[in-house]
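So the chains spell out like this:
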Amino acid sequence: FGFTRPEPSKIDRVKLVEPATPSHLRKISQLEQQVKDLRGQLSSMTSEQVSAHSLLEIIHGCVGGSSKPPAWREKQTKGRTTGVPLLLASDWHWDEVVSPEQVEHVNIYNRSVAVQRAERCFRTFVDLTKNHLSKPSYDYAVLALGGDMVSGNIHEELRETNEAPIHETLLHLVDHLIAGVTLLHNAYGRVYIPCVVGNHGRIDKKPRAKNRVYDNYDWLAYQLLKRHFAGESDISFGIADGADQMFTVHNTTYLLTHGDQFRGGSGISGVMSPIFIGDARKRKRQMAVRRPYDYMVMGHWH
């Protein structure tokens, strides 16, 4: 009679596992917490992107679109050229009210004064670049919008003394920006408009990192301006999604920023110390990501 060898029992096939040590349990707990944190960050980032896209869909009727600059920005006009004139418009604080009797009659500001200054700004820029040079020939013009275009509501005194509620201010400002861009378009043929937000246009009293741009009235003003000129192929925009906007004019690269990230300004060096330190830090950061710039353009310090 033959016989077969019995199968080993399940107990024989089970590999004994050493009990988890306290260090292993701590490691598992750390990994679980890390996964939880990353899921939270991913959820937050996703909601921010959805919020931004929803706003763009409301304003422009579509989401996305190519961010590639038009060909006329990448090529230099053949033959003689005077270059590309650049106008920085920043810190207009539209609808802020400064009463002369409260500042010893050394200054005055309100909506009427803002309108006069805006018109003079655009007309003087065109006059200087067009009528005071010998046969000027420009490839295009750059209008850099540097933020703090509205007075905003970040301080209680501003909310109480501004010329109008913030949304009315926004629409009034956009009307005059449209007039200025139209003037530049007629004078130079093609206009590029890089934009960054400032600190006065934010909806929160304290500065925030997340949604810094989208929760800012400057950004909404730029989007409304872009929507108005959507049918003009000779007018293009570069609206930053972060604190800075880089753009290139021929072989020169600029970094446009508002300037509120820089701190300090007291002492014998005054404003120069925080600006130099801030520029050095931004250059170091841009070099690390291989996107260096030649010049920084900013406002804020006024």
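Treat the numbers as computed from the prediction; the structure is a model and nothing was measured.

A look at the nonpolar core
By size, the foremost hydrophobic cluster in this structure holds 41 residues, and its most contacted members are Trp-92, Leu-143, Leu-145 and Ile-193. Looking at this core, the elements that each hand over two or more residues are strand 1 (86-89), helix 4 (111-131), strand 2 (141-145), helix 6 (166-188), strand 3 (191-195), helix 7 (217-228) and strand 4 (235-239). In terms of residue count, the dominant contributor to this core is helix 6 (nine residues). Membership of the second largest hydrophobic core comes to 12 residues, among which are Trp-72, Tyr-140, Tyr-192 and Val-196.

Digging into the pairing of strand 3
Extensive coverage of strand 3 is indicated by the burial of five of its five residues. By the alternation rule, side chains of strand 3 split into Val-191, Ile-193 and Cys-195 and Tyr-192 and Pro-194, which are all buried. Pairing geometry for strand 2 and strand 3, over three bridges, is parallel. Residue Val-142 lies in a different strand from strand 3, and its bridge partner there is Tyr-192. Taken together, the five bridges between strand 3 and strand 4 define a ladder with parallel strand orientation.

Some words on helix 6
Along its 23 residues, helix 6 runs 32 Å from first to last C-alpha, staying within 8% of the 33 Å computed at 1.5 Å per residue. Count one or two residues on from helix 6 and you reach Gly-189, which has phi positive near 85°.

Focus: the pairing of strand 4
With five of five residues buried, strand 4 is to be regarded as a mostly interior element. Residues Ile-235, Phe-237 and Ile-239 point to one face of strand 4 and Ser-236 and Gly-238 to the other, with burial holding for every one of them.

Some thoughts on the pattern of salt bridges
Applying the stated criterion to the full structure yields seven salt bridges. Where Arg-212 meets Asp-260, a salt bridge forms, and the shortest distance between an N and an O atom there is 3.2 Å. One end of the pair, Arg-212, is in the loop between strand 3 and helix 7; the other, Asp-260, is in the loop between strand 6 (252-257) and helix 8 (272-288), and 48 residues separate them in sequence. With a relative accessible area of 11%, Asp-260 lands in the buried category. Each member of the salt-bridge network shares a partner with another, and the members are Asp-95, Arg-111 and Glu-168.

Brief notes about helix 8
Spanning 17 residues, helix 8 covers 24 Å between terminal C-alpha atoms, matching the ideal 24 Å at 1.5 Å per step. All of the buried residues in helix 8 are Pro-274, Ile-275, Gly-278, Asp-279, Lys-282 and Gln-286. Within helix 8, the buried residues cover an arc of 130° as seen down the axis, which keeps them to one side. Along helix 8, exposed side chains directed more than 90 degrees from the buried face belong to Phe-276, Arg-281, Lys-284, Met-287 and Ala-288. On its buried face, helix 8 sits against strand 5 (244-249), strand 6 and strand 7 (295-298). The positive-phi residue at the C-terminal boundary of helix 8 is Arg-290, with phi of around 60°.

Parameters at a glance
- Residues numbered from 1 in each chain as written.
- Predicted model: local features only at pLDDT ≥ 70, side-chain atom pairs only at ≥ 80, totals over all residues.
- Heavy atoms only, no water.
- Core = buried A, V, L, I, M, F, W, Y, C linked by side-chain atoms within 4.5 Å.
- Buried < 20%, exposed > 50% of the residue type's maximum accessible area, 1.4 Å probe, protein only.
- Helix = DSSP H or I, 4+ residues; strand = E, 2+ residues; numbered from the N terminus.
- Pairing = 2+ DSSP bridges.
- Expected span 1.5 Å × (residues − 1).
- Salt bridge = Lys/Arg side-chain N within 4 Å of Asp/Glu carboxyl O.
- Arc of directions from axis to C-beta.
- Contact = heavy atoms within 4.5 Å.

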